[in-house]
Amino acid sequence: MIAFADLLERLVFTPGRLAKIALLRRYFATQPDPDRGFGLAALTGELAFQAAKPAMVRALVEERTDPVLFAMSRDYVGDLAETVALIWPAAPSNAGPPRMTEVVQTLLSTPKSELPAVLAGWLDASDASVRYALLKLITGELRVGASARLAKVALAEVAEGRIAADEIEEVWHSLVPPYAPLFAWIGGGGPRPDPAGAPVFRSPMLAHPLEATDIAALLPSAYRAEWKWDGIRVQLVATPHGRRIFSRGADDISQAFPEIVEAMEFHAVLDGELLVIRDGEVQPFADLQQRLNRKAPGAKAQRDYPVAVRLYDLLFDGAEDLRPLPFDQRRVRLEAWHARHSPPRMDLSELIPFATVDELSVIRDGARAASIEGLMLKRGDSAYVPGRPKGQWWKWKRDPLTIDAVVMYAQRGHGKRSSYYSDYTFGLWREDGELVPVGKAYSGFTDAELVTLDRWIRNHTIHRFGPVREVERGLVLEIAFDAAQRSNRHKSGVALRFPRVTRVRMDKPAEEADRLDTLMRLIAGATQA
Amino acid sequence: MPPHPETWLKVRPDGLYCEPGDFFIDPLRPVGRAVITHAHADHARPGHDAVLASPETLALMDVRMGVGRAGAVQQALPYGEPISMGEVRLWMEPAGHVLGSAQVAMEWRGSRAVVSGDYKRQPDPTCLPFVPIPCDVFVTEATFALPVFRHPPAEHEVAKLLDSVALFPDRTHVVGAYALGKAQRVIALLRRAGWDRPIFLHGAQMPLCAAYERLGIPLGELLPATVAGKDKLQGAVVIAPPSAIADRWARRLAEPVVCNASGWMRVRQRARSKGVELPLVISDHCDWDELNQTLDDVGAPEVWVTHGREEALIHEAAKRGIRGRALRLVGYGDEQEDLAEPAAA
């Protein structure tokens, strides 16, 4: 548990992706089996114990500590598990802290009534860092600050280039902790684990954004066009061994969408967009968010936010891998497959006919529905390759909406940007002359602009709250965003999708920035003509 | 029966005042006669007429304030040498906080009070260890007086730092450390752990490190970080004031791993809000156990708490029959470890 606790401690504070990978790689390369396997399971969320409730932990610590001092400490520290980890009185013993494997196996086999005594024994034998890891693991609150994908990239690095992270992805969902066959494979001491028909995830093919320079070189006849829908990209996997819905990041989200799982009466792997579709109309992303927030939706949520999948691609038909086929052939197979099965809650993403790039550009500009982000362009001869191969698929987003907003607060960034005020909360003027915050942006500017912005923030600070500075109402930023949505979580009543800074308007007086009304008129739905 | 210390040692707006000796201890404003426990800015302020302190503290005050600014008349008092101040017998013993730090012991008519200043019990290669003095009233700080504060051995934290240097050999490890005491302790601990390469310093750290060396604390090869090129700082350890580690100054470093050496680093939110990537729990104050151990060691029936989390310490002392009193002296930074040194360069 010591190595795992150390890893956890460093991951939580480490902002850099490469540094996180280095930490993970070292853990996997140096820890023995099966400890590292259980560690991997804990990191990727596959080991979520809910063996102990916070009340049990509190009861344990209250037996060992003065309640007055515990209350003062809790107030000071905030987090319960952290307070307990820090305050737990040392009990000198010869037993060292438990190994990861011992913890997992004991939790699986110990009756609930005996757990407090077991846990107390472990806490006695551990230092604060191990105690923290133990308590977070046992209460199912382990938040690592590293994605499952990062763990797989680190595993691929342990294999020193012999195995790609995407290959690990393709066997991942057929494996169970502590992953002995996986570690044997990446260590060069075993064969590739055989998924044997298990419903596993395949890394999706992704698109590059289409820049102005790429447009000129585009050969229209080589490409097929589809709408780019504003939902979440999903992979539907149904085999004789099971059904899964995976997010783009390989998270298993099947439980959140039971009506889709129920509709998967076939054996195939499909790529598509999960959307809320009401009376044939795709609804704004905010509606889908209502479903994404729920792990297990009730009947009401299913009725109020009906979901469906718009199919883009067919990767497997039964056991047949179609990914090496060109897009055009896969499309033919997809259409035939859809006609044959006509699965409920699934329709086809329509192909948009066009002859020239100019024509396509007109189509793109004409799409006003908030649920459409723009266009996708896919080469007709493109095989389905994991990752982002150059020149195969393009995403051509609609021109964003923009507002001129006033900077209200600035916060320091993370990692390389920790010395810069790089996160900006901006606001718009309300009727009554008050400036109300409408969003936060931390990208879109150049490095040179960041230096200017940082200097301006430092020279115009009026209040400081920890890492946040409140600034004079004097700096206007042009903010671009994909859509505006009504929100009751924000004081202004509106939330922006993907806000980013497009221009620094040093020239513009703050009083001439946009009014909140202007933004309200851009809200999704209000624009749908 | 000897007089109770509260009849002759009093809290005044200027600080703690010893009436029969006519002097203040660590006064908050300029006074006629001041006894100074140690050279940190919140305890050693400029502009007094006469100053009594340990020889090392006077030397460090000269470095910080400029020669002569510590007081018009300066008297150096080595540890363990009693003198008379008015009707009071006074002597100093090591406090183990920073080089020269002293506890002030005072006796008047058979009654004895000890003002400990800031102190710690963990070993420190740059200063003499704390000596418990039995007394009637013990005056203590309570910076880390909550049972969540338990400082691990400093060697353990330095090992963590060196492990990280080995894992990220191309990056600079910049350690935030208060310029007086903490910086030199971290350097000395690194040397003991076998780190014999040059250690790079922020400009604000240079004069006090030089002073420590003059006072007989060897720190090995120290170089200014400001003139070293980025490539020279790859794999290097740089010591800088906590205010500089995640600010503009740090942009000259090679992909820095931001470390901070402070007792506050024990609490995650503290480390996170400062943007620290590697928190090092190294403190020049007592943790909870050391504070309570010290109360037992000095055996005083009464303890006065100057600043910090006095409520918790007084609560715990009461359980052992020790009477507690909160002095609530405003001006001693309980956040001292976080305080910024003005950036010199």
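Conventions and cut-offs
Residues numbered from 1 in each chain as written. Chains lettered and ligands numbered in written order. Predicted model: local features only at pLDDT ≥ 70, side-chain atom pairs only at ≥ 80, totals over all residues. Heavy atoms only, no water. Helix = DSSP H or I, 4+ residues; strand = E, 2+ residues; numbered from the N terminus. Rg over C-alpha atoms; globule rule 2.2 N^0.38 Å. Buried < 20%, exposed > 50% of the residue type's maximum accessible area, 1.4 Å probe, protein only. Areas by Shrake-Rupley, 256 points an atom, 1.4 Å probe, with all protein chains shown as cover. Contact = heavy atoms within 4.5 Å. Buried area = accessible area lost by both parts, 1.4 Å probe. Salt bridge = Lys/Arg side-chain N within 4 Å of Asp/Glu carboxyl O. Phe/Tyr/Trp six-rings, centres within 6.5 Å; stacked < 30°, edge-to-face > 60°. Pairing = 2+ DSSP bridges. Lys, Arg positive; Asp, Glu negative; His and termini not counted. Polar contact = N/O pair within 3.5 Å; in protein donor to acceptor, adjacent residues only side chain to side chain. Axes fitted to C-alpha atoms, helices over the stretch in contact; angles between N-to-C directions. Domains from an automatic or database assignment. pLDDT = per-residue confidence, 0-100.

## As for the overall build of chain B
Across its full length, chain B holds 7 helices and 19 strands. The C-alpha radius of gyration of chain B comes to 20 Å, within 12% of the 20 Å expected for a compact globule of 345 residues. Along the first, second and third principal axes, the C-alpha atoms of chain B reach 70 × 45 × 30 Å. Looking at chain B as a whole, 60% of its 345 residues qualify as buried. For chain B, the accessible area works out to roughly 12,100 Å², and carbon and sulfur atoms hold 53% of it.

## Section: the interface of chain A and chain B
Facing the 32 residues of chain A at the interface are 35 residues of chain B. Of the roughly 3,000 Å² buried between chain A and chain B on both sides combined, carbon and sulfur atoms contribute 55%. Interface area lost by chain A to chain B is led by R10, F13 and Y76 of chain A, which between them contribute 25%. Taken together, chain A and chain B are joined by 6 salt bridges.

## Quick word on the packing of aromatic side chains
Throughout the structure, instances matching the rule amount to 17 aromatic pairs over all chains. When the centroid spacing of 5.8 Å and the interplanar angle of 70 degrees are considered together, the rings of Y424 of chain A and F445 of chain A count as edge-to-face. Note that Y424 of chain A is positioned in strand β14 (residues 421-429) and F445 of chain A in the loop between β15 (435-441) and α19 (447-459), a separation of 21 residues in sequence. Classification of F445 of chain A by relative accessible area gives buried; the value is 10%. Ring centres 4.7 Å apart and planes at 45 degrees place the aromatic pair Y17 of chain B and F24 of chain B in the tilted group. Overall, Y17 of chain B belongs to the buried group, its relative accessible area being 8%. Given a relative accessible area of 9%, F24 of chain B falls into the buried group. Ring-pair connections join several aromatic residues into one group, and the members of that group are F4, Y27, F28 and F183 of chain A.

## Describing the pairing of strand β12 (residues 393-397) of chain A
Residue and element names in this part refer to chain A. Two strands pair when backbone bridges link them, and strand β1 (residues 208-209) and β12 are joined in this way by 2 bridges, in the parallel orientation. In the strand pairing of β12, H208 is matched with W394. Pairing of strand β11 (residues 372-379) with β12 involves 5 bridges; the strand directions are antiparallel. Opposite K378, over in β12, you have W393 as the bridge partner.

## Quick notes on the side chain of D118 of chain B
Residues and elements named next belong to chain B. Along the chain, the position of D118 falls in the loop between β10 (111-115) and β11 (137-142). Despite its burial, D118 remains without a salt bridge, the nearest opposite charge being carried by R45 at 10 Å. A distance of 3.4 Å separates a polar atom in the side chain of D118 from a polar atom in the side chain of H38. Looking at D118, its side chain comes within polar contact range of the side chain of H43, at 3.1 Å.

## Remarks on the sheet that holds β1 of chain A
Residues and elements named next belong to chain A. Here 5 strands make up an open sheet; going across it, the order is β1-β12-β11-β2-β10 and the pairing mixed. The strands lining the two open edges of the sheet, one partner per strand, are β1 and β10 (351-352). Running over the sheet, helix α18 (residues 357-366) touches β2 (223-229), β10, β11 and β12 and is turned about 50 degrees from β12.

## A few points about the environment of D42 of chain B
Residue and element names in this part refer to chain B. For D42, the position within the fold is in the loop between β4 (33-35) and β5 (48-53). The class for D42 is buried, based on a relative accessible area of 7%. Along the chain, D42 and Y332 lie 290 residues apart, while their C-alpha atoms are 5.4 Å from each other.

## Focus on the domain arrangement of chain B
Residues and elements named next belong to chain B. Along its sequence, chain B is organised into domain 1 (5-148 + 284-338) and domain 2 (154-280). Taken together, the 26 residues of domain 1 in the interface contact 24 residues of domain 2. Around 2,200 Å² of area is buried between domain 1 and domain 2 when both sides are counted, 61% of it from carbon and sulfur atoms. When the shortest N-O distance is used, the salt bridge between D124 and R185 registers 3.9 Å.

## Describing the sheet that holds β10 of chain B
Pairing between the strands of a sheet is mediated by backbone hydrogen bonds and can be parallel or antiparallel. All names here are of chain B. The 7 strands lie next to each other as β7-β8-β9-β10-β11-β18-β19, forming an open sheet whose pairing is mixed. Where the open sheet ends on each side, the last strands, each with one partner, are β7 (83-85) and β19 (323-326). Strand-to-strand, the axes of this sheet are offset by a mean angle of 25 degrees, without reference to chain direction. Relative to β10, strand β9 (residues 102-108) is paired through 5 bridges, and the arrangement is antiparallel. Residue pairing across strands places A105 opposite V114, the latter belonging to β10. Against the sheet, helix α6 (residues 288-298) engages β11 and β18 (302-308), with an angle of about 175 degrees to β11.

## Let's talk about the confidence of the model for chain B
Scored by pLDDT, chain B has a mean of 93; 96% of the residues are at 70 or more. Scored below 50 in pLDDT, residues 334-345 of chain B shows 41 contacts in the model against residues more than four places distant or in partner chains.

## Overview of the domain arrangement of chain A
Residue and element names in this part refer to chain A. Once the domains are mapped, chain A shows domain 1 (208-397) and domain 2 (401-520). Using C-alpha coordinates to define each centre, domain 1 is positioned 34 Å away from domain 2. In this complex, domain 1 contributes 6 residues to the contact, which on the side of domain 2 involves 5 residues. Note on domain 1 versus domain 2: buried area summed over both sides is about 470 Å², and carbon and sulfur give 42% of it. Linking domain 1 with domain 2 are 2 salt bridges. Across the salt bridge formed by K397 and D482, the nearest N and O atoms sit 3.4 Å from each other.

## Description of the pattern of salt bridges
Pairs can form between side chains of opposite charge once their charged atoms are near each other. Under the definition given, this model contains 63 salt bridges over all chains. Residue R333 of chain A pairs with D317 of chain A through a salt bridge whose shortest N-O separation is 3.3 Å. Taken together, the residues span a long stretch of sequence, with R333 of chain A in helix α17 (residues 327-341) and D317 of chain A in strand β7 (residues 307-317) at a distance of 16 residues. With relative accessibility at 25%, the residue R333 of chain A sits in the partly exposed group. You can call D317 of chain A buried: its relative accessible area is 16%. One salt bridge in this structure joins R12 of chain B and E19 of chain B, with 4.0 Å as the shortest N-O distance. Judged by its relative accessible area of 37%, R12 of chain B is partly exposed. On the basis of relative accessible area, E19 of chain B is assigned to the partly exposed category, the value being 34%. One network of salt bridges, with partners in common, ties together K228, E373, K397, D482 and R500 of chain A.

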